[in-house]
Each structure stands twice: as C-alpha cells, then as structure tokens.
Amino acid sequence: TKCESGCVCTDGLYENLDGRCVPAEECPCEYGGLAYGKGEHIQTECEICTCTKGKWKCVQKSKCSSTCNLYGEGHITTFDGQRFVFDGNCEYILAMDGCSVNKPVSSFKIITENVICGKSGVTCSRSISIYLGNLTIILRDETFTISGENHGVQYKVKKNALHLMFDIIIPRKYNMTLIWNKHMNFFIKISRETQETICGLCGNYNGNMKDDFETRSKYVASNELEFVNSWKENPLCGDVYFVVDPCSKNPYRKAWAEKTCSIINSPVFSACHNKVNRMPYYEACVRDSCGCDIGGDCECMCDAIAVYAMACLDKGICIDWRTPEFCPVYCEYYN
C-alpha cells in the first residue's frame, strides 16, 4: 500500500537469516531459535524432520517411544502426557505389564518407594525397584544393586556425572531406557513391539490422556488420589487424602523459591519457550523448593529445573543453564 525504502531480493530469490538473497533450495529452516541448513535433520521421539526449501518435512518413525516422568516431590507425567501430583508415604507401582484380566502374567514391574522429606509432609522418590522375572535391580542411596538373573532379558548399565541409565530389552516385547539422576528424578522411556497393555501410575499408554486414571480394578477414577491409592504395592499402607501445598505451609520460603525458579521463565531458556510449555515446570519447581525444608533445598530446586532442561532436550533444544554459582556439577563444569 505504500513504498518503503530499502532492498528486496530479485524474483526467485529469498532473504536468508544472514540477509543474503538465495534461491529457495538454499533457504534455512528455523527451530527453537536456531537456523538449520538445507538437508539438515532434527529428531523427536516419533519423527525425523528434514529441512527442505525453508520448511520442515517430517516422517513418522516406524517405532515410536513414549516417556513417563517421576520427579521431585511426587510429580508425574504419564506416557500419554497426563500430569498430576501426589504425596504418599508408601510403595507404588509406576508401570507394569500383564494388566489385562485374561493375561495377568507380568514381564516387568517398576515400583517407587516414597519417603517424607519435609516437615509439611511432602514426599520424594528415593528408592526404585525394577523386577524383571527373577532379575531385580534396586536404585537407592545414589547407587544400584542387581540380584538374580533372567536369561530372557538383556540389560546394559551406563553412568555419567549426572545420571545412571539402564537399557533393557525384553525380546519381542519392549525396549526400555530407565534414567535416574540418583536423587528424585526418574524417567521410563518405552518402545514396545506388542499390543500388551501397560498400567500403573504412569497410565495405560494407549494414546488417550483422558483415561489415564485407570485404577487397578479397571475403572477410571474420578480424581487422582483415588487413582494413586489403587496402585499401592502394599495394601496396608495408609491412603492419601489430600495434596499438601508446601508454599502455604512455608510462606517464608515462597519468595526464595519463586526467585530461583524464575530462571525457567528467563532468557536463558528462551529458545525452548515456544517448544515446551514452561509453566507446569515452573510451578513444580516453586512447589518443590518450598517443600524441601529439612535440607537439600537447593538440590530440590536444581532437580526441578533439570526436568525442564531435559524436556527441552527431547525437542532438540540444548540449554547450557548450569554455572559454577548456580546448580553446579562441580568438576564436569571445567572438564
């Protein structure tokens, strides 16, 4: 509608991110604030995308995996993406198979044991037990023990400065990667080769978030606490009747929690903001930082931020957020 002074590209050429005019074939693609050249790939759990003429062309992977997250003081994101929080001082079944009534044989079962870690009654996942037939792996006190054997299961243990990782293959059934940060965060990534149903606090993994609160008795619970109580491993444990709000009980900690967790909303994570909704992670960080009131408060806060950083990484965005002053991983920072 009006003339503007300046330069334009000639017909058939397009301006790239460097301000140069290039043919359509040379146009870069953008993802998470980063530029990718012609033919470059990015991968998510279910897709491989290739940069073609400035647009992403995505192909669905033949085998698609999904991840269940247990982190902080009882935050869970199911395989299908449902989120909830619970505080229960008991053993709970996170995930298992053999859930159908006519086929109750289980090839794996993963249990979390929660213990109180704050005066307000909030709990932290401290111990994880993985049962694979006669093979048992226990994660506790920043280390692991393995007992028994199962020749029908292949497994490999990897270690780095931050995590213990277990690659587990149950032939013709599941490929699993279990990641534990030796504290409160635990991730179960499953790719399955069977239509076998899965159940537990991680949901039924059927692609539908709305029926994830399916109880052990096979009905969908009206609320998350009814659902959580149905998956107690020991029926003699007490039921959970309410979810604690640690910031209400510890109002003197709220300002500190909001200030330190605000890194999630800051420019440090800006490349990820339009890829992963940051608010649930920020709220979880504030809640956990208020709740860890008998030691380990910085650890709780750092673990909660690390979960958002990991969600960004799953979308291909790597955020360098740790420093020697903020959530350091000591020697590794200088390595």
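Residues numbered from 1 in each chain as written. Predicted model: local features only at pLDDT ≥ 70, side-chain atom pairs only at ≥ 80, totals over all residues. Heavy atoms only, no water.

A. Representation of the overall build of the protein. Regarding its fold elements, the protein presents seven helices and 20 strands. Counting only C-alpha atoms, the protein reaches 75 × 55 × 45 Å along its principal axes. Restricting the contact set of the protein to residue pairs at least 6 apart, pairs at least 24 apart contribute 48%. Surface accessibility of the protein: about 17,600 Å² in total, with carbon and sulfur atoms responsible for 52%. Across the protein, the 35 positively charged side chains and the 41 negatively charged ones have centroids separated by 3 Å. (Helix = DSSP H or I, 4+ residues; strand = E, 2+ residues; numbered from the N terminus. Contact = heavy atoms within 4.5 Å. Areas by Shrake-Rupley, 256 points an atom, 1.4 Å probe, with all protein chains shown as cover. Lys, Arg positive; Asp, Glu negative; His and termini not counted. Charge placed at Lys NZ, Arg CZ, Asp CG, Glu CD.)

B. View of the domain arrangement of the protein. Segmentation of the protein into domains returns domain 1 (13-60), domain 2 (65-230) and domain 3 (246-315). Taking only C-alpha atoms into account, the centre of domain 1 sits 32 Å from that of domain 3. (Domains from an automatic or database assignment.)

C. Looking closely at the sheet that holds strand β6 (residues 47-52). Pairing within the open sheet is antiparallel, and its three strands lie in the order β5-β6-β7. Pairing within the sheet leaves two strands with one partner each, and these edge strands are β5 (41-43) and β7 (55-60). Between one strand axis and the next, the sheet turns by 25 degrees as a mean value, whatever way the strands run. Examined bridge by bridge, β5 and β6 share three bridges and lie antiparallel to one another. By the bridge assignment, His41 is partnered in β6 with Thr50. (Pairing = 2+ DSSP bridges. Axes fitted to C-alpha atoms, helices over the stretch in contact; angles between N-to-C directions.)

D. Summary view of helix α3 (residues 251-261). Listed as buried for α3 are Arg253, Ala257, Thr260 and Cys261. Down the axis of α3, the sector holding all buried residues measures 85 degrees, keeping them to one side. Facing away from the buried side of α3, by more than 90 degrees, are the exposed residues Pro251, Tyr252, Ala255 and Lys259. (Buried < 20%, exposed > 50% of the residue type's maximum accessible area, 1.4 Å probe, protein only. Arc of directions from axis to C-beta.)

E. Fine view of the state of the cysteines. A complete count under the given rule lists 10 disulfides for this structure. One disulfide in the model links Cys302 with Cys327; its S-S distance is 2.0 Å. On the sign convention where negative is left-handed, the bridge of Cys302 and Cys327, at about -90 degrees about the S-S bond, is left-handed. Highlighted residues: Cys302 in helix α6 (residues 297-314) and Cys327 in the loop between α6 and α7 (330-334), separated in sequence by 25 residues. As far as the burial class goes, Cys302 and Cys327 line up, both buried. Among the cysteines around Cys3, which has no disulfide bond, Cys7 carries the closest sulfur, lying 14 Å off. Owing to a relative accessible area of 81%, Cys3 belongs among the exposed residues under this scheme. Between Cys318, a cysteine without a disulfide, and Cys312, which holds the nearest cysteine sulfur, the sulfur-to-sulfur distance is 9.6 Å. (Disulfide = S-S within 2.5 Å.)

F. Structural context of the nonpolar core. In this structure, Leu94, Leu132, Phe186, Ile188 and Leu201 are the most contacted members of the largest nonpolar core, which totals 47 residues. If we skip the residues at most four places from it in the chain, Ile188 touches Ser66, Thr67, Cys68, Phe79, Leu94, Ala95, Ile110, Thr177, Leu178 and Cys202. Ranked by size, the runner-up nonpolar core spans 35 residues in total, among them Tyr71, Ile263, Cys285 and Cys290. (Core = buried A, V, L, I, M, F, W, Y, C linked by side-chain atoms within 4.5 Å.)

G. The sheet that holds strand β17 (residues 164-170), seen in detail. Spatially, β10-β9-β8-β19-β18-β17-β16 is the arrangement adopted by the seven strands of the open sheet, whose pairing is antiparallel. Only two strands of the sheet have a single partner each, and these edge strands are β10 (83-85) and β16 (154-159). Across the sheet, the mean angle from the axis of one strand to that of its neighbour is 15 degrees, orientation sign disregarded. The pairing of β16 with β17 spans six bridges and is classified as antiparallel. Bridge assignment links Tyr155 to a residue of β17, and that residue is Ile168.

H. Fine view of the packing of α3 against helix α5 (residues 279-291). Contact geometry of α3 with α5 gives a least axis separation of 8 Å together with a crossing angle of 140 degrees. When the interaxial angle is binned, α3 and α5 end up oblique. Note on packing geometry: the crossing formed by α3 with α5 is right-handed. Contact residues: α3 offers Arg253, Lys254, Trp256, Ala257, Glu258 and Cys261, while α5 offers Tyr282, Cys285, Val286, Ser289 and Cys290. When the residues that make up the contact of α3 with α5 are grouped by side-chain class, the tally is seven nonpolar, one polar and three charged. (Parallel < 35°, antiparallel > 145°, perpendicular 65-115°, else oblique. Left-handed = near helix turned anticlockwise from the far one by under 90°. Nonpolar A, V, L, I, M, F, W, Y, C, P; charged D, E, K, R; others polar.)

I. Summary view of the environment of Cys312. Here Cys312 lies in helix α6. If we ignore the near neighbours within four places in the chain, the residues touching Cys312 are Phe269, Cys272, Val276, Ile317 and Ile319.

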